[in-house]
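Below, each chain spelled out in residue letters.
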Amino acid sequence: MKKLLAWPLVAALFLSGATAFAQGMIADKYRAEMLPRFVSYVQIDSMSDNRAEWMTPGQEKMAQFLYDEIKAFGFPTYFSKDKYIYVNIPSNLKTRKAPKLGLSAHYDTTPDIIGNGVKPQVIKNYDGNPIVLKNNHVINFKSDPYLKNMIGKTIVTSDGTTNLGADDKAGLTIIVTLLQTLAENPKMPHGPIDIVLTPNEDVGRSAERLELEYYHPDYAYDFDGGVNGEVVIANFSADRVVVTAQGVNGHQSYAADNGYLNSVKPIADLIAVAVPTKFLPNHSRGDQGYLEPHHIEYDPVKNTHMVDCRLRYFDPEEGKRYLQGIQHTADSLQQVLGTKITVEITKQYENVAYGVKPEALGLLTAAMKEAGVTPKTQKERAGTTSAMIMAKHGFGGYTVFTGQNNPHAFTEWLSEEDMFKAYKVALNLVKQVAQMNATK
Ligand SMILES: [Zn+2]
């Protein structure tokens, strides 16, 4: 009797061990696919542009390339008119329902630095010497202490005339290789999975035309982070604050009588009063926010001056204090100077920490540990797709490492090993979420 009872336990242990073993074998099998895939992606020009109405021709080409590749895997795939690529994989679990996993990455590269015409250089078995690129750009241990871990490993750089675009073509490589894995191993158990590949992340617009019908997971993970184990669990809330002062036309010489008013002075006063030097970004570190008057514009037709400010904070109370200071100063100046001063606030991105389910970090931690990765959680003084989705649609997600280093620089480089580890993390996330039971 005893023996009989023990059997199912032994069998279960054996089977779960076998599954883990098989999954490790599967992961290794796809490693060789990743580097060529990454190298092909970075050679497609896909810089975004702040001035574009929506997207650049390069991004359109990149999107089409990805869509053609992904569609061939056979999952329900939707290419939206705004060029988001969605994949909605139905669950293959027979007897129960699991929650929905969501994975995202962006296919544009930053407009801040030349990123078209990338000539990737693959360095295998890195020897530890400084890597000298064109135009005197050098990657070495001093500028990049993390590089010390790459001796004997494979890294990828540009030739120095452009950035590399590992931000976020590493993320794309991870997700597309995961899709390939799921397509070629249909017996691997998984719950429902939503995937979205977006344009325009580097111009802050990756969530703008997102269609929730095709991407609305219970647990969202954005593959757009840095090196081995890094996870962004919180980020700045970001508001754009525009203060506009109305001038009054007339001749200066008779201003004492004709009501003439130049709108420079109210804006200058507002900045002087509401933005003391200690509020500026160069006085802000760690958890502190900042308020930066970013630029001033004059509109001769409307006869207005406006100051465009960037407000960033982790603590909502701190954000509220800055905003109250601006509003109060604007109101007082309006009274004293007798001219109209308006304050307009636009939410740009939001702290993902307000919109993630409590289990989301545990799932990711388990997936990382299983891939032999130690999670290093951090608060990011910036925002990514997750933060833009949080601001627009109210659900957050964590940003996971991809192996990208020095984004937005000529010295950007990729760790092939970290990219592969991140793929294993994604694969393990599929498994972790599939083991849960859906609550709805
Ligand atoms: Zn990115």
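Residues numbered from 1 in each chain as written. Predicted model: local features only at pLDDT ≥ 70, side-chain atom pairs only at ≥ 80, totals over all residues. Heavy atoms only, no water.

As for the overall build of the protein chain
Piece 1. Secondary structure summary: the protein chain contains 9 helices and 18 strands in total.
Piece 2. Counting only C-alpha atoms, the protein chain reaches 105 × 55 × 40 Å along its principal axes.
Piece 3. Counting every position in the protein chain, which comprises 440 residues, the buried fraction comes to 51%.
Piece 4. Within the protein chain, contacts between residues separated by at least 24 positions form 80% of all contacts whose residues are at least 6 apart in sequence.
Piece 5. Entry remark: accessible area of the protein chain is about 20500 Å², with carbon and sulfur atoms responsible for 55%.
Piece 6. Between the averaged position of the 45 positive side-chain charges in the protein chain and that of its 48 negative side-chain charges there is a distance of 7 Å. (Helix = DSSP H or I, 4+ residues; strand = E, 2+ residues; numbered from the N terminus. Buried < 20%, exposed > 50% of the residue type's maximum accessible area, 1.4 Å probe, protein only. Contact = heavy atoms within 4.5 Å. Areas by Shrake-Rupley, 256 points an atom, 1.4 Å probe, with all protein chains shown as cover. Lys, Arg positive; Asp, Glu negative; His and termini not counted. Charge placed at Lys NZ, Arg CZ, Asp CG, Glu CD.)

What about the sheet that holds strand S9 (residues 219–225)?
Piece 1. One open sheet holds the 8 strands; their spatial order is S1-S2-S8-S3-S9-S16-S10-S15, and the pairing between them is mixed. Pairing within the sheet leaves two strands with one partner each, and these edge strands are strand S1 (77–79) and strand S15 (376–380). Each strand of the sheet is rotated relative to its neighbour by a mean of 25°, with strand direction disregarded.
Piece 2. Relative to strand S8 (residues 193–198), strand S3 (residues 101–106) runs parallel, the two being bridged by 6 bridges. Across the sheet, residue Ala105 finds its bridge partner in S8, namely Leu197. (Pairing = 2+ DSSP bridges. Axes fitted to C-alpha atoms, helices over the stretch in contact; angles between N-to-C directions.)

Structural notes on the nonpolar core
Generally speaking, soluble globular proteins have nonpolar side chains that are buried together.
Piece 1. Counting residues in hydrophobic clusters, the biggest one holds 86 residues, and the most contacted among them are Phe38, Leu197, Tyr221 and Phe223.
Piece 2. When residues are assigned to domains, this core turns out to be shared by domain 1 (2–233 + 352–434) and domain 2 (237–349), each giving three or more.
Piece 3. With near-sequence residues (within four places) excluded, Tyr221 lies in contact with Leu101, Gly102, Leu103, Ser104, Ala360, Leu363, Leu364, Tyr398, Val400 and Leu429.
Piece 4. By size, the runner-up hydrophobic cluster in this structure holds 18 residues, among which are Val243, Ala274, Leu311 and Ile326. (Core = buried A, V, L, I, M, F, W, Y, C linked by side-chain atoms within 4.5 Å. Domains from an automatic or database assignment.)

A closer look at the domain arrangement of the protein chain
Piece 1. On domain assignment, one finds that the protein chain holds domain 1 (2–233 + 352–434) and domain 2 (237–349).
Piece 2. Taken over C-alpha atoms, the centre of domain 1 sits 40 Å from the centre of domain 2.
Piece 3. Listed per partner, the contact involves 9 residues of domain 1 and 12 residues of domain 2.
Piece 4. At the boundary of domain 1 with domain 2, total buried surface from both sides reaches about 790 Å², with 54% on carbon and sulfur atoms.
Piece 5. Contact with domain 2 buries surface across domain 1, with Tyr354, Lys379 and Arg381 losing the most and accounting together for 62% of the total.
Piece 6. At the junction of domain 1 and domain 2, the tally comes to 1 salt bridge.
Piece 7. Residue Asp287 is joined to Lys379 by a salt bridge in which the shortest nitrogen-to-oxygen separation is 3.5 Å. (Buried area = accessible area lost by both parts, 1.4 Å probe. Salt bridge = Lys/Arg side-chain N within 4 Å of Asp/Glu carboxyl O.)

A short note on the coordination of the zinc ion
Piece 1. Those donors, His106 (NE2), Asp167 (OD), Asp224 (OD) and Asp224 (OD), are the protein atoms that reach the zinc ion, and they lie 1.9 to 2.4 Å from it.
Piece 2. Around the zinc ion, the 4 donor atoms sit at angles spanning 55 to 146°, and that spread fits a shape best called irregular.
Piece 3. Read in sequence order, the donor residues coordinating the zinc ion give the pattern H-x60-D-x56-D. In this pair, His106 sits in strand S3 while Asp224 sits in strand S9, placing the two residues 118 residues apart along the sequence. Across the pair, exposure class does not vary: His106 and Asp224 are buried alike. (Donors = N, O, S within 2.8 Å, 3.2 Å for Na, K, Ca; no water. Tetrahedral: all angles 85-135°; square planar, octahedral: opposite > 155°, others 65-115°.)

Structural notes on the packing of aromatic side chains
Ring pairs (aromatic) are described by centroid distance and by the angle formed between their planes.
Piece 1. What the rule picks out here adds up to 13 aromatic pairs.
Piece 2. For the ring pair Tyr146 and Trp413, a centre distance of 6.4 Å and an interplane angle of 25° mean the geometry is stacked. You can see Tyr146 sitting in the loop between strand S6 (138–139) and strand S7 (155–157) and its partner Trp413 sitting in strand S18 (residues 413–415), a full 267 residues away along the chain.
Piece 3. Positioned over the ring face of Tyr219 is Lys357, at 5.7 Å from the centre of the ring.
Piece 4. Its end group placed over the ring of Phe314, Lys379 keeps NZ or CZ at 5.4 Å from the ring centre. (Phe/Tyr/Trp six-rings, centres within 6.5 Å; stacked < 30°, edge-to-face > 60°. Lys NZ or Arg CZ within 6 Å of the ring centre and 35° of its normal.)

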